[in-house]
Each structure stands twice: as C-alpha cells, then as structure tokens.
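# Residue-level structural notes
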Amino acid sequence: MSLPLSRRLAGLVMASAVTLAASAAAQVPEGYAIVPAPAAERGIYRPIAGDVAYGYSYLSPRGWFAATLPRGATMSSVKPDTVSFKMTSGGHEAICVAVAYPEAQRRPERLDQLQLRVDALLTPGGAYDRMAREALSVTESGVLPLRDDGRIPVKLAAWTGTQANGRYMTMALVELPVGLLSLACEAPTAAKAKFLTTMVFRIAEGGL
C-alpha cells in the first residue's frame, strides 16, 4: 500500500465519520475479546516478551486498538491517528493500516449495542459502501469477526477487493463508543488480506 493510498483510506472514512461520538466512560461488555489499554503502554511498539523472535505488539496512543505483528515487521505513523505496519506473511509482503476518527460529542451506546447494527454499515448503496467501491473493485463484502481467543469477537463491516495495482485489500469499519475505527490490510490474495485484518488487530479498552 503506497502512502497516497493510505491517505485515500483516511479520506474514505473521514467523509462520514462526523456522525459518531464518544461515551462518558469506558464499559467493557461482558464476554467480549477486549485488550487492556493501560496509559503507560499506549503508543509503544515493542518486542513481545522482550524478544524480537516472537514479533511485536503495539497499543495505539488513544488505546483504541492493539496490533500483534510478526518478526521483522516495521511500523510508521502517517499522522497522529493513522499508523501503518509493513510485514512479511507467508513469504509475501503485506501492509496493514489503522485510522482512528475521534469525535467530541458523547453518545450513550456501549460497544455491544453498536455491534447489533454492524450490518447497517454494509447497506448496498449506502455512504460507506459507495466509498469502499470507489477505492476498490469489491469482490465481496460482509461481517468479519476479529480473532476472539474463545471470547465474543468484535465484528467489523468489511469490503475486500482489488486496487489499481492488482493487490487485494480488505477495508473494515467498526463503530466504537468513542468514534469510528478503520482497519485495512493489503496482501497478494483476498484470503490473506482478510486473514491479516482479523489476526493483526484487536479492539482495546480505550475505544470504549
């Protein structure tokens, strides 16, 4: 994914993100796979268990999401609420990007309530669907669950398709009590793009 493409991804979501807002206090829904987000660990890219052989972990500065990356992965920040990761997976280069859109106005919905309407983000011809199709030649769309580790998974609205460069991308959105989060991964195949999106990212407590 080139830098201009990551910027287009940011613009894709920004156009409709203004309708979202933040909750008064973080509430972790019972049973959900949510990562702790202690303030002292936010914004830090570090080797897992202190050993680069195990890969890297990253907790976003706002504590909205966590990422787990393989050995050799690198991170770059495009702007304060945009971060990208470059890695090798299955012998092929891949890139994942996260973009956070915080809002000032608060809203009462908890994550579990917002999850009940994740399908609505996929409405054919809706604002998000149109923008996804402007960025990709979409081959499939649907609800994509993040890895759950045996708990209730956080579900994303996701579109997968090809870019102008012929590589596949999965672009996903999730409404959080604090705003909108966009997660995306680019890879040589659709299956790999979807797999990486679900395996790299987790929602963290700061997003609640």
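Model, not experiment: these values are computed from the prediction.

### What about the overall build of the protein chain?
A count of helices and strands for the protein chain gives four helices and eleven strands. Looking at the protein chain as a whole, 48% of its 208 residues are labelled buried. For the protein chain, the exposed area adds up to about 9500 Å²; of that, 54% sits on carbon and sulfur atoms.

### Examining the environment of Ala53
Mapped onto the secondary structure, Ala53 falls in the loop between strand E1 (45-47) and strand E2 (56-59). Its relative accessible area of 43% is what places Ala53 among the partly exposed residues. Expressed as a C-alpha distance, the spacing of Ala53 and Gly72, which sit 19 residues apart in the sequence, is 8.4 Å.

### As for the sheet that holds E1
Reading across the sheet, the four strands line up as E1-E2-E3-E11 and stay open at both edges, with antiparallel pairing between neighbours. The sheet terminates laterally at E1 and strand E11 (201-203), the two strands that pair on one side only. The mean angle between the axes of side-by-side strands here comes to 20 degrees, regardless of whether they run parallel or antiparallel. Of the strand pairs in this sheet, strand E3 (residues 65-69) and E11 are connected by three bridges, and their pairing is antiparallel. Pairing of Ala66 across the sheet is with Arg202, part of E11. Running at roughly 45 degrees to E11, helix H4 (residues 190-200) makes contact with E3 and E11 of the sheet.

### So, the pairing of E3
Burial of E3 is extensive: four of the five residues sit out of reach of the surface. Hairpin remark: E2 followed by E3, antiparallel, with five residues in the connecting loop; positive phi at Gly63, about 75 degrees.

### Here's the deal with the state of the cysteines
The tally for this structure, following the rule as stated, stands at one disulfide. With a sulfur-sulfur separation of 2.0 Å, Cys96 is cross-linked through a disulfide to Cys185. On the sign convention where negative means left-handed, the S-S torsion of about 110 degrees between Cys96 and Cys185 marks this disulfide as right-handed. Of this pair, Cys96 sits in strand E6 (residues 92-102) while Cys185 is found in strand E10 (residues 179-187), placing the two residues 89 residues apart along the sequence. In this pair, the class of Cys96 matches that of Cys185, namely buried.

### Some remarks on the nonpolar core
Grouped together as the largest cluster of nonpolar side chains are 36 residues, with contacts concentrated most on Phe65, Phe85, Met87, Leu181 and Phe201. For Phe201, the contacting residues outside a window of four places in its chain are Phe65, Ala66, Ala67, Phe85, Cys96, Val97, Ala98, Leu146, Leu183, Ala184 and Cys185. Core analysis: the next-biggest nonpolar cluster, separate from the first, contains 19 residues, Leu122, Tyr128, Ala132 and Leu173 among them.

### Notes on the sheet that holds strand E9 (residues 168-176)
The antiparallel open sheet is built from seven strands, whose spatial order is E4-E5-E6-E10-E9-E8-E7. On the outer flanks of this sheet lie strand E4 (74-79) and strand E7 (137-145), each paired with one strand and no other. Shown here is a sheet whose adjacent strand axes are inclined to one another by a mean of 20 degrees, direction ignored. Note: strand E5 (residues 82-89) against E6, eight bridges, orientation antiparallel. Along E6, the bridge assignment pairs Thr82 with Val99.

### Structural notes on the confidence of the model for the protein chain
Per-residue confidence for the protein chain gives a mean pLDDT of 87; residues scoring 70 or more make up 86%. Within the protein chain, strand E8 (residues 155-162) carries the highest mean pLDDT (98), whereas helix H1 (residues 3-17) carries the lowest (44). Here residues 2-6 scores under 50 on pLDDT; set against residues more than four positions off or in separate chains, the count is seven contacts. Between residues 8-25, whose pLDDT stays under 50, and residues either more than four places distant or in other chains, the model counts 57 contacts.

### Details of the side chain of Ser89
Looking at the element boundaries, Ser89 is found in strand E5. For Ser89, a relative accessible area of 13% puts it in the buried group. There is a polar contact of 3.0 Å between the side chain of Ser89 and the side chain of Lys192. The contact partners of Ser89, leaving out residues within four places of it in the chain, are Lys192 and Leu196.

Scoring rules and cut-offs
Residues numbered from 1 in each chain as written. Predicted model: local features only at pLDDT ≥ 70, side-chain atom pairs only at ≥ 80, totals over all residues. Heavy atoms only, no water. Helix = DSSP H or I, 4+ residues; strand = E, 2+ residues; numbered from the N terminus. Buried < 20%, exposed > 50% of the residue type's maximum accessible area, 1.4 Å probe, protein only. Areas by Shrake-Rupley, 256 points an atom, 1.4 Å probe, with all protein chains shown as cover. Pairing = 2+ DSSP bridges. Axes fitted to C-alpha atoms, helices over the stretch in contact; angles between N-to-C directions. Contact = heavy atoms within 4.5 Å. Disulfide = S-S within 2.5 Å. Core = buried A, V, L, I, M, F, W, Y, C linked by side-chain atoms within 4.5 Å. pLDDT = per-residue confidence, 0-100. Polar contact = N/O pair within 3.5 Å; in protein donor to acceptor, adjacent residues only side chain to side chain.

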